[in-house]
Amino acid sequence: MTHSNNGTGSEEPKEEGQLIKSREGIYRLMRRLQVKHTPLKLRFDSVADHYTSMVLAVNFKEGYILLDEVTPKWGDELMAKAIPFHFDSYHDGCKISAEKLQAVGRAVKEDSPVYKVPFPAELHFLQRRQFYRAPVRLSLNINVRLGVSVPPIKRDEYDNIIPQSPTWEHEGLLRDLSAQGCQIEAKGDLRETLPKNTEYSCCHIIFPNGHLLDLGIAIRHVGYDEKRDISSLGCQLINMDPKLDRKISFIVNELQRDNARSSSGNSSAPISELFLDALGKENNKDAISEAEEEAEELEKFTTEEVHHKAVRCVQMLVNSLREKTALPIAQTWEVTDLLLDKLQKDRQQLILVTRIRTPANYLYEHSVSLAVLLADQTMFNQNNPKSRDLDYLRNIIFAGLCHDLGKGLIPDRIVSKSGVLSEQEAKVMHKHSLLTREILSRQQGMPDLALTIATQNCERLDGSGHPEHLKSISISPIGKLAAVIDVFDAMTNGRSYRAGLPHALAYKRLLAMRDKLDLASIQQLIKRQGLYPLGSLVAFENGDLGFVKRQDQNSHPSIVRLVFNKLTNQPLEHKDLKLSTLPDSKKKLLPEDPAKYQLFNDLLLNDL
């Protein structure tokens, strides 16, 4: 928090955060709210009440969003009259807000009004940890009953209470919980039975020990998985009071602690009383059937979901380190297996999603990217006898995920500093490699590769690296490759204070560092990634710009997503162009810098 003095002696708190002003940045955040069906809390000027809506569509080219009908219904009149409003929303622990918006059009879609609202001039983006969404592990059953109705008390002729059971409309399992909402899974297709904005004033969440949480919810989204015949209900908590807020906060903390306990494989750690049954036993399924069920669940993850899980896993490793709790090593191995599976099945899609970055998550996303590229380059090198050794590749990915953990203990003012580090700051920063090795060496069953990569990715051939100033002959081949990939990924991906370099320029700088970095590893990287790597921006002779989405077997672009024309300085309607359909005269490509046009390659993830 920062404070500003208004001149009267009193100070008003002002929230810190980022102001997102570029159209691409606003588009990206609004798309997140759309994809996750995240509710917006609206407040109109001169109106005390607040209202709710959701983002139905985001149009990058014309710079507007479509908002769903406003609830309560009398908010529609305010929106239709173009009364100025602002909104707040919460996404993955972040607060996203905007001011001075107005509807410029109204239409009716499926008997409900929708509103066209131009992009705001800026979005305020603030990380808020209290909105962390705590997952419930698969083996923990927390029952949920919607629409509970408790019958009135009845007594017999002797004035004794006659026991009666409550009834409820729907039953399911809790899958996650935050201070703002929860996700519930229920059997069957409930998309028509439970339309969005259905409210239940009485929802019971029942824990294994019998503790009952009674609260109100509003259903904001219903998804359906046809293969599993399961509906996923995205719910917002309503009618909250301070006492209930404190209960929810406590339970979220217990779930987070339980998840860390489970993922670390530390069965000796105490389990919350909430998750023990009446006999004091853990609510657990048969170990074999549980493993089979979890294996089936893992098979269903998309590449994007696997990448997201990997990023969250690295974040959990860093958070556990900072909070001095057990590291989720078991979960890291699970994520490692998922990444290796996706790398074998569709390496291009996995590498593509690692190239789409969020500056605030740099440390976590960089670790996942290095892990994937390190395994990919190893598999590509047919001269390496271990290029097809799955255990070796598995260890490499695990090592990559963990290689920068020590940075989690370095002050953020040093890690995120935009300028040159002072001599003292550099000494502190250079400690992160040894910190990482020390942390990993204390973990049982840690592969030697993880300890090697943790330090040698920062060494240089001429001895100018750290932490041990090793020279070429003392650095292992995997250490030399890790150093090249670490520098390449750092160069080509943006931080909060600078944009990433175009890949062509990064290649030139790598080749200019041949006295510090292994030339054979650099050449191997360029050959495997191609002159126009996945996710890079290229230009056609007619001025069209596009991001490389797929490559052919020779690492040349084969599919490019068109997004912009630099001659007209206008966005293009997104289109996936197959280069094989073009005449040779129109296939000529040149590298381009996305920062020059404020373009972001997350446009590649949107379905056309």
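One can find the structure itself at the top, above this paragraph.
Residues numbered from 1 in each chain as written. Predicted model: local features only at pLDDT ≥ 70, side-chain atom pairs only at ≥ 80, totals over all residues. Heavy atoms only, no water.

(A) Main features of the overall build of the protein. Helix and strand counts for the protein stand at 16 helices and 23 strands. Out of the 608 residues in the protein, the part that is buried amounts to 50%. The long-range fraction of contacts in the protein, counting pairs at least 24 apart against all pairs at least 6 apart in sequence, stands at 60%. Counting every atom, the protein has about 30,600 Å² of accessible surface; 49% of that belongs to carbon and sulfur. (Helix = DSSP H or I, 4+ residues; strand = E, 2+ residues; numbered from the N terminus. Buried < 20%, exposed > 50% of the residue type's maximum accessible area, 1.4 Å probe, protein only. Contact = heavy atoms within 4.5 Å. Areas by Shrake-Rupley, 256 points an atom, 1.4 Å probe, with all protein chains shown as cover.)

(B) Focus on the sheet that holds strand E19 (residues 537–539). Pairing is antiparallel in the open sheet, where five strands are placed in the order E22-E21-E20-E19-E23. Lying at the two open borders of the sheet, with one neighbouring strand each, are strand E22 (570–578) and strand E23 (590–591). Sheet topology places strand E21 (residues 557–565) next to E22; six bridges connect them, and they run antiparallel. Bridging from a neighbouring strand, Arg561 pairs with Asp576 of E22. (Pairing = 2+ DSSP bridges.)

(C) A look at the state of the cysteines. The final tally for this structure, using the stated rule, is zero disulfides. Lacking any disulfide linkage, Cys203 is separated from the closest cysteine sulfur, that of Cys182, by 6.2 Å. (Disulfide = S-S within 2.5 Å.)

(D) Just helix H8 (residues 362–380), in detail. With 19 residues, H8 should reach 27 Å at 1.5 Å per residue; the first-to-last C-alpha distance of 26 Å fits that figure. The buried fraction of H8 is high, at 18 of 19 residues. (Expected span 1.5 Å × (residues − 1).)

(E) View of the packing of aromatic side chains. Across all of its chains, the model carries six aromatic pairs by this definition. The interplanar angle of 75° and the centroid separation of 5.6 Å between the aromatic rings of Phe44 and Tyr51 together place this pair among those described as edge-to-face. Take Phe44 and Tyr51: they sit in the same class, and that class is buried. Centroid distance Phe564 to Tyr597: 5.8 Å. Interplanar angle 50°. Geometry classified as tilted. (Phe/Tyr/Trp six-rings, centres within 6.5 Å; stacked < 30°, edge-to-face > 60°.)

(F) Representation of the pattern of salt bridges. Per the stated rule, a full pass over the model turns up 23 salt bridges. The shortest N-O distance in the salt bridge between Asp68 and Lys196 comes to 1.9 Å. In this pair, Asp68 is assigned in the loop between strand E6 (64–67) and helix H2 (75–80) and Lys196 in the loop between strand E15 (181–187) and strand E16 (198–206), connecting sequence segments 128 residues apart. Residue class for Asp68 comes out buried when judged on its relative accessible area of 5%. (Salt bridge = Lys/Arg side-chain N within 4 Å of Asp/Glu carboxyl O.)

(G) Examining the nonpolar core more closely. Counting 114 residues, the largest nonpolar core has Met30, Leu42, Met79, Phe87, Leu123, Leu339 and Leu374 as its most contacted members. When near neighbours in sequence (up to four residues on either side) are disregarded, Met79 contacts Leu42, Phe44, Leu67, Val70, Phe85, Ala103 and Tyr115. Formed by 34 residues, the second largest nonpolar core is a distinct cluster that contains Ile184, Cys203, Phe207 and Cys235. (Core = buried A, V, L, I, M, F, W, Y, C linked by side-chain atoms within 4.5 Å.)

(H) Expanded view of helix H1 (residues 23–35). A rise of 1.5 Å per residue sets the reference length of H1, with its 13 residues, at 18 Å; its end C-alpha atoms lie 18 Å apart and thus fit the reference within 8%. Of all the 13 residues making up H1, ten are buried; the element is thus mostly covered by neighbouring parts of the structure. Glu24, Gly25, Ile26, Tyr27, Arg28, Leu29, Met30, Arg31, Leu33 and Gln34 are the residues of H1 that are buried.

(I) Structural detail: the side chain of His170. In this structure, His170 sits in strand E14 (residues 170–177). The class of His170 is buried, set by a relative accessible area of 16%. Among all residues touching His170, those that are not within four sequence positions of it are Val144, Arg145, Leu146, Leu190, Thr193, Leu194 and Tyr200.

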